[in-house]
Amino acid sequence: MNFLTKEFVYRDRETFGVGSTDPHKPKKEEIIAYLGQMEIAAALGAVIVKTKAELDTVTDKPDYTPAIVGADPNQALSGYYQWLGNTWNYVRDLADSITRLVNIGGTGNAITAELRLGVSLSAVELAFFVPAHNNTGAVTIMVEGVEKSVRNGLGNELSEDDLQAGYPAMVAVFPGQDGYVLLNPANVEAVVLAAKQAAIAARNQAQTAKQAAEEALSNLEAAVEQASELAFQRFNKLYLGSFNVNPSTDNQGGPLKDGMLCFHSVEKKMKVYSEDDSDWILATPDTSDFLNKANNLGDVSSKSAARSNLGLGALATSSKVGTNDLTDSSVSTGKLKSKAVTDPKLNSAKLNTLVGKPQVVALYSNIGDDASFNLTRSGATYTFGTPQPDTSYVVQVVGQRTTQGNLSYINIVGMNVKSKASFSLNGLRLNSAGSISGLSGGFDVIVYRVAN
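We now turn to the structure provided with this report. (Residues numbered from 1 in each chain as written. Predicted model: local features only at pLDDT ≥ 70, side-chain atom pairs only at ≥ 80, totals over all residues. Heavy atoms only, no water.)

**Describing the sheet that holds strand β2 (residues 65-69)**
Turning to step 1, where the next piece is worked out: The strand order across the open sheet formed by 4 strands is β1-β2-β3-β4, and the pairing between neighbours is mixed. Only two strands of the sheet have a single partner each, and these edge strands are β1 (47-49) and β4 (88-93). Sheet twist, expressed as the mean angle between neighbouring strand axes with direction ignored, is 25°.
Turning to step 2, where the next piece is worked out: In terms of strand pairing, strand β3 (residues 79-83) meets β4 through 5 bridges, oriented antiparallel. (Pairing = 2+ DSSP bridges. Helix = DSSP H or I, 4+ residues; strand = E, 2+ residues; numbered from the N terminus. Axes fitted to C-alpha atoms, helices over the stretch in contact; angles between N-to-C directions.)

Right, here's the structure in full:
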């Protein structure tokens, strides 16, 4: 039920609480419904109040006495209550699943609306309203600050004039749908209008408020059933249902059309019909067509075919290349041998001259600005940053010569210890006066390596 109060039924202005709207003339159907509400409450011995605060002042009722809080400003407090254990216990929400949206505003494509007093948006399953404008395309409705799209029974956006000013529209909430579903687009407006007129006529002719309300609700339910059936028929043209074999016609025996859907109960897959293919194809990709990244391409059905498609030959899987792996136009076996490259395209004359050339593999300086490459020094010991493959290397030491007045000396350096990881130097210092003393001073050290 939509809870009515005397303040609402006999309000001064058309929009309750808004003094700028037109003066309100009480409506017979609202008066009858309000009196019927009072009648039902009296028959049940129920307490009907506007706010929870009013209900809390009533404390002289026997256990299990029902009560209704119909229009508390805090919507969460409106609902059905029961007196038990010397207190009023909340039973359930007052809101019905069927309601009328009020205070319609906005534009034809972006509608704003409000719920009637005492109705909770979360409980609404069917709502009807009268649009203020015709729509020109896709439509949204914002109710109590919550905006949702409006689509037809097939899930498509509304077409132009599916909503028309002055003509009632009904929207429903279905599980799994993000928005509202319009049950009566333009081609079924007449059904809804006729049902509404019949309901109004029935209420005006009723002898008692209870009979009028029941008959009006019955007519409205019939209209909803008709509109729902028409919406289902339209949806059924698109989704044919579940089959154990692919259907060859639609559910009316007609030809299949692009976009029709069916569920294959044996394959457990949703399929869509394609006129170009004249066949049913999977509506979603088959998971067997995907590669699992965790398998690192191990689930490719034919790795050799994949390499071929990528332009990769057998060399892609070889750890080394032999003579038989080379094509006729590639380098011959003899040209691959060590020190035997003679192909003029490789400039072999220059390459071959490098075979016996010394190669610098390390150096160290402590004369002037220190600099080193692949060598560190600790005293007379020099250590390679990268050990040599063997001890076949040559160390050249540039000795220090110093002249002061008529005194000069020359360091004569020699090798002491030599290994793959390091070497040590020793030597003597020869003075110009002919005396010999121990090695001292700084050196530039260069290590050469000569290929075999």
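**Remarks on the environment of valine 272**
Turning to step 1, where the next piece is worked out: Counting through the fold element by element, valine 272 comes out in strand β14 (residues 269-274).
Turning to step 2, where the next piece is worked out: A relative accessible area of 19% means that valine 272 is categorised as buried.
Turning to step 3, where the next piece is worked out: Sequence separation between valine 272 and alanine 283 is 11 residues, and the spatial gap between their C-alpha atoms is 5.2 Å.
Turning to step 4, where the next piece is worked out: If near-sequence neighbours (up to four positions away) are discounted, valine 272 is found in contact with Gly259, Met260, Leu261, Asp279, Trp280, Ile281, Leu282 and Ala283. (Buried < 20%, exposed > 50% of the residue type's maximum accessible area, 1.4 Å probe, protein only. Contact = heavy atoms within 4.5 Å.)

**With respect to the packing of aromatic side chains**
Turning to step 1, where the next piece is worked out: Overall, the coordinates contain 8 aromatic pairs when judged by the stated rule.
Turning to step 2, where the next piece is worked out: Plain terms: the ring middles of tyrosine 81 and tyrosine 90 are 5.4 Å apart, the flat faces sit at 80° to each other, and that makes the pair edge-to-face.
Turning to step 3, where the next piece is worked out: Look at tyrosine 90 and you get partly exposed, because its relative accessible area is 43%.
Turning to step 4, where the next piece is worked out: Arranged with centres 5.2 Å apart and planes meeting at 85°, the rings of phenylalanine 384 and tyrosine 393 form a pair that is edge-to-face. For the pair phenylalanine 384 and tyrosine 393, a shared accessibility class is recorded, and that class is buried.
Turning to step 5, where the next piece is worked out: Here the guanidinium or amino end of lysine 418 rests over the ring plane of tyrosine 393, the centre of that ring lying 4.7 Å away. (Phe/Tyr/Trp six-rings, centres within 6.5 Å; stacked < 30°, edge-to-face > 60°. Lys NZ or Arg CZ within 6 Å of the ring centre and 35° of its normal.)

**Describing the pattern of salt bridges**
Turning to step 1, where the next piece is worked out: In the structure shown here, the tally under the stated rule is 5 salt bridges.
Turning to step 2, where the next piece is worked out: The partner of glutamate 14 in a salt bridge is arginine 11, and the shortest N-O contact between them spans 4.0 Å.
Turning to step 3, where the next piece is worked out: Since its relative accessible area comes to 34%, glutamate 14 is described here as partly exposed. (Salt bridge = Lys/Arg side-chain N within 4 Å of Asp/Glu carboxyl O.)

**Looking at the nonpolar core**
Generally speaking, nonpolar side chains in soluble globular proteins are found buried as a group.
Turning to step 1, where the next piece is worked out: Among the nonpolar cores identified, the biggest contains 17 residues, and Leu101, Phe129, Val143, Val150, Leu163, Val171 and Leu182 are the most heavily contacted of them.
Turning to step 2, where the next piece is worked out: Of all the secondary-structure elements, those providing two or more residues to this core are β6 (110-115), β7 (126-129), β8 (139-143), β10 (169-172) and β11 (180-182).
Turning to step 3, where the next piece is worked out: With residues up to four places along the chain from it excluded, the contact list for valine 143 reads Leu101, Ala113, Leu115, Leu121 and Tyr180.
Turning to step 4, where the next piece is worked out: With 12 residues, the next largest nonpolar core counts Val361, Tyr364, Leu375 and Tyr382 among its residues. (Core = buried A, V, L, I, M, F, W, Y, C linked by side-chain atoms within 4.5 Å.)

**Details of the sheet that holds strand β15 (residues 279-282)**
Turning to step 1, where the next piece is worked out: The 4 strands are arranged β12-β13-β14-β15 in an open sheet whose pairing can be described as mixed. Two strands bound the open sheet, and with one partner strand each, they are β12 (239-243) and β15. Across the sheet, the mean angle from the axis of one strand to that of its neighbour is 30°, orientation sign disregarded.
Turning to step 2, where the next piece is worked out: As defined by bridge partners, β14 adjoins β15 across 4 bridges and the pair is classed as antiparallel. Bridging across to β15, valine 272 finds its partner in isoleucine 281.

**Quick word on the pairing of strand β25 (residues 444-450)**
Turning to step 1, where the next piece is worked out: Residues Val445, Val447 and Arg449 point to one face of β25 and are all buried, whereas Asp444, Ile446, Tyr448 and Val450, pointing to the other face, are not buried.
Turning to step 2, where the next piece is worked out: Pairing of strand β16 (residues 358-365) with β25 involves 7 bridges; the strand directions are antiparallel. By the bridge assignment for β25, alanine 362 is matched with valine 447.

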